[in-house]
Amino acid sequence: MNSKRANATVLIADDSAVMRTLISHVIKRLGYKHITADDGNACIRLLQDNKVDLLLLDINMPGKNGIDVLAYMKENGLEIPVIMITASDDISQAVQCIKMGAYEYLTKPVDNDRLEITAKNALSEQSLKKKVELLEKELLQKDIFKRIYGESQAIKECIGQATQVMETDVNVLINGESGTGKELFAQAIHNGSKRKNGPFVTINCAAITNELADSLLFGHVKGSFTGANSDHTGFFEQADGGTIFLDEIGDLNIEIQAKVLRVLQEHIVRRVGEKKERPVDFRLISATHKDFSNAIETGSFRADLYYRLEEYPLYIPPLRERGDDISLLAKHFLESFCIANNIEPLTFKPLVLDQLSRYDWPGNIRELQNIVRRSAINRTGNEINALPGFLSADHKRPKDALPEPEASHPEPVTDTEINHPISAPVETSLKDAEQQAIARAYEACRGNQTKTARILGISRSSLYRKLKKYGMEKSITLSLNKTP
Ligand SMILES: Nc1ncnc2c1ncn2[C@@H]1O[C@H](COP(=O)(O)OP(=O)(O)OP(=O)(O)O)[C@@H](O)[C@H]1O
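Here's what I pulled together on the structure shown here.

Definitions and limits used
- Residues numbered from 1 in each chain as written.
- Predicted model: local features only at pLDDT ≥ 70, side-chain atom pairs only at ≥ 80, totals over all residues.
- Heavy atoms only, no water.
- Salt bridge = Lys/Arg side-chain N within 4 Å of Asp/Glu carboxyl O.
- Helix = DSSP H or I, 4+ residues; strand = E, 2+ residues; numbered from the N terminus.
- Buried < 20%, exposed > 50% of the residue type's maximum accessible area, 1.4 Å probe, protein only.
- Core = buried A, V, L, I, M, F, W, Y, C linked by side-chain atoms within 4.5 Å.
- Contact = heavy atoms within 4.5 Å.
- Pairing = 2+ DSSP bridges.
- Axes fitted to C-alpha atoms, helices over the stretch in contact; angles between N-to-C directions.

**Structural notes on the pattern of salt bridges**
- A complete count under the given rule lists 19 salt bridges for this structure.
- Between E167 and K137 there is a salt bridge, with its nearest N and O atoms 3.9 Å apart. Of this pair, E167 sits in the loop between helix 7 (153–166) and strand 6 (172–175) while K137 is found in helix 6 (residues 112–144), placing the two residues 30 residues apart along the sequence.
- Its relative accessible area of 44% is what places E167 among the partly exposed residues.
- Among the salt bridges present, the one from R302 reaches D304, with a minimum N-O distance of 2.8 Å.
- Given a relative accessible area of 28%, R302 falls into the partly exposed group.
- Taken together, the shared-partner salt bridges in this structure form one network comprising D169, K194, R195 and D281.

**Points about the nonpolar core**
- F236, I244, I249 and F282 are the most contacted members of the largest nonpolar core, which totals 30 residues.
- Looking at this core element by element, the count peaks at five residues for helix 11 (residues 254–266).
- Those residues within four positions of I244 in sequence are excluded, and the remaining contacts are V201, I203, F235, F236, A239, F282, R283, L284 and I285.

**Section: the sheet that holds strand 2 (residues 33–37)**
- Taken in spatial order, the five strands line up as 2-1-3-4-5 in an open sheet, and their pairing is parallel. Looking at which strands have only one partner, the edges of the open sheet turn out to be strand 2 and strand 5 (104–107). With strand direction ignored, the average angle separating the axes of adjacent strands in the sheet is 20°.
- Each of strand 1 (9–13), strand 2 and strand 3 (54–58) is contacted by helix 3 (residues 40–49), which is oriented at about 140° to strand 2, the strand it contacts most.
- Across the sheet, helix 4 (residues 66–75) touches strand 3 and strand 4 (82–86), and the angle it forms with strand 3 is around 145°.

As structure tokens, then:
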């Protein structure tokens, strides 16, 4: 017997003790676990408290009857197969139950062989349904993230997190260096959300001036100021039913921040020159490459707005932390370039791929894309064999430097490396101890943030925040680069 089905739990709900015993014997013989309820209310309680795979449900029970239980399951989205057990004069009720979604009905006295077959079929159909749902989800995920290339552990983690959050309506704050793909992720989250058929409105906050902010964000009515020649729908209203993406949110002027906060709290906008309030239904995704902790400390960014934006933080790692993704992306961009420009397929000489992978990519994927295009244009044959002066010397890593950390080439981290006792004096503050622990783990993992976070038992986003908070990111990176 399939071990998954052997673990199945069957709930038997019948007010007759004799029926419960008879059915339990059959279920036991099939190798399934069973629990029993003697009325409809007990059945609902057991459904609430247990993971039930199959329900055998009597129609006529005291308190809530079988039909009430079915109605409860429907209302609460409980998708468990139900086999109705009914007296032979209750066929019309049984038919009603099938219409309400029950899998099958059996009449009393229950024929054991029929019960066995029906229970087995119901469970295997259910497991097949779950497998199909899972496959559909995987296909959907592939489709949604199809523009995001990468096989590294780091990017897979980002896709995993984005998949989890996309079905919800929480605000997402995407953090990462410029050119890492923040906008691509924002779009993917929208495409995978229940708002996918609604608009996706992108605003570059750095480009919004104080004078135009109200009108751009909230709209205006004709004649409300000089030059307002017609009504204008603001960005928040344009995003009604969809997603608004506030890019470079860290650059939003402090005065505008207060206004954005109000809209986030109330989901109401008022156009300039109009008294009427308009409800707006949007989901907010924002992105920044900035360090918010400094901005909050210096008063240039409102803490209350930040906490609203960051209901779910998503950190996109820089390209240099994505190992083999550099070659993978370079080849992808080269192929796309050839197709788009109708030129014969080109390849990279291994030496060039090696040079690309030993570069720090301060401009991340955007920079890689540009360099691939330039090298394709400058090629002499079908193979790209040089990158004439394209890579800035400041960001090249010497040949004998440690390769950038990546999960697909994990550097073994020994217990002794990570389990150094923190030899701090008793009077050392918690903050110092935390800083030391992070520094040790970070160095032991050779700067691999994913591994560091795992070792410290915190999420990547928390690690990222802590590194920023202690101003450690840059100093640690520098010290790692100096490692002989
Ligand atoms: N994983 C990826 N696979 C393929 N293309 C990518 C990937 N990530 C980013 N790109 C491409 O790189 C470019 C930059 O991406 P994007 O604009 O999303 O980055 P960003 O982090 O929002 O940049 P900025 O901070 O400058 O706004 C785009 O052309 C995008 O299509």
